[in-house]
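Notes for the structure review
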Amino acid sequence: MEPFVRRQGKLPDEPGVLELAGWMADTPGLAAGFTTRLGGVSQGCFDSLNCALHVRDAEKDVIANRRRVALAAGIPFENWVCGEQVHGNRVHAVTEEDRGRGWFDRASAIQDADALVTDAEGVMLASFYADCVPLIFLDPVKRVVALAHAGWKGTVTRIGPETVHMMQKRYHSSIEHIRAAIGPSIGPCCYEVDNRVLEQVRAVWNEEEGKAERPVIQSSRPGHAWLDLRELNRQLLKQAGILPTNIECTNLCTGCETGMFFSHRKEGGATGRMMSFIGWKKG
Ligand SMILES: [Zn+2]
């Protein structure tokens, strides 16, 4: 079953937000999900719910879009926080003092932070995507939440397992309590990569062991293959110890569904960004 469910809102011009409906039903007070490109104010290639400040969209439009999402999700606008994403694997432990960073301007964002983790209930974590894989984490027992931005570079530098380790080490999460959701991103149907990428995938992922699972690499033409980055992340999270039954994965491909999502690859790089988010409605 698709874990990301379109929110049926009550606002007259509801922004398009997909919610982790199962997690939210199981965990009172939780808000978690992923935005679409629908129901915002941005123009041109950012049409219309672009949530990122780093893509040359008008700043006032991005802030207006973020306000719409915050209002629809029922989260105070000043609670949100985001990092400057660099396709790295550094995990930043977010505290109450980080509230608002990166939210009103780009300069204040947490630098070099592709993964964010917190147990502070007054902050809402956010990160940005157009094809890269959003990883969303929840420990409902310790009430720890996390986001990780996993493009191919973040994936092969194990940003998913690094985030899980931070939850265990710093916040004492038990591995059997951690839930992970893998969100809308480019599917193997639309993501052909070359040997340069495949070599790095094979350096962190054992192709023989992976054969018992769903295929990650399927050859296309000489020197190239279709890569299932979502499945690769799922297998790496499973190897990190998360129970397979606690890992949920979307079927939504950003490359196939450019009416609903921004796609960096399908739109030639000039496009907006969706946003993943997780946190608590009341802090
Ligand atoms: Zn596709």
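Above this text sits the structure in question.
Residues numbered from 1 in each chain as written. Predicted model: local features only at pLDDT ≥ 70, side-chain atom pairs only at ≥ 80, totals over all residues. Heavy atoms only, no water.

Comments concerning the coordination of the zinc ion
Within the protein, Cys189 (SG), Cys190 (SG), Cys253 (SG) and Cys256 (SG) serve as the donor atoms for the zinc ion, at 2.3 Å. For the zinc ion, the four donor atoms are set out with angles of 105 to 120° between them, so the coordination reads as tetrahedral. (Donors = N, O, S within 2.8 Å, 3.2 Å for Na, K, Ca; no water. Tetrahedral: all angles 85-135°; square planar, octahedral: opposite > 155°, others 65-115°.)

Observations concerning helix H4 (residues 159–171)
Here H4 contains 13 residues, and its C-alpha end-to-end distance of 17 Å stays within 8% of the 18 Å for a straight helix at 1.5 Å per residue. Buried within H4 we find Ile159, Gly160, Pro161, Thr163, Val164, Met166, Met167 and Tyr171. Tucked inside the fold, the buried residues of H4 contact strand S5 (91–93), strand S6 (115–118), strand S8 (133–139), strand S9 (144–150), helix H3 (152–156) and helix H7 (229–239). At the exit of H4 stands His172, carrying a positive phi of roughly 60°. (Helix = DSSP H or I, 4+ residues; strand = E, 2+ residues; numbered from the N terminus. Expected span 1.5 Å × (residues − 1). Buried < 20%, exposed > 50% of the residue type's maximum accessible area, 1.4 Å probe, protein only. Contact = heavy atoms within 4.5 Å.)

Side note on the pattern of salt bridges
If you walk through the whole model with that rule in mind, you get 18 salt bridges. The salt bridge involving Arg7 is made with Glu14; its shortest N-O contact spans 2.8 Å. Note on Glu14: relative accessible area 15%, which makes it buried. Between Arg37 and Glu267 there is a salt bridge whose closest N-O contact spans 3.0 Å. (Salt bridge = Lys/Arg side-chain N within 4 Å of Asp/Glu carboxyl O.)

Things to note about the pairing of S9
Counting buried positions along S9 gives seven out of seven residues, so the element sits mostly inside the fold. Every second residue of S9 is oriented toward a common face, with Val144, Ala146, Ala148 and Ala150 on one face and Val145, Leu147 and His149 on the other, all of them buried. Sheet analysis places S8 next to S9, joined by seven bridges and oriented antiparallel. Among the inter-strand pairings, Leu138 is bridged to a residue of S9, identified as Val145. (Pairing = 2+ DSSP bridges.)

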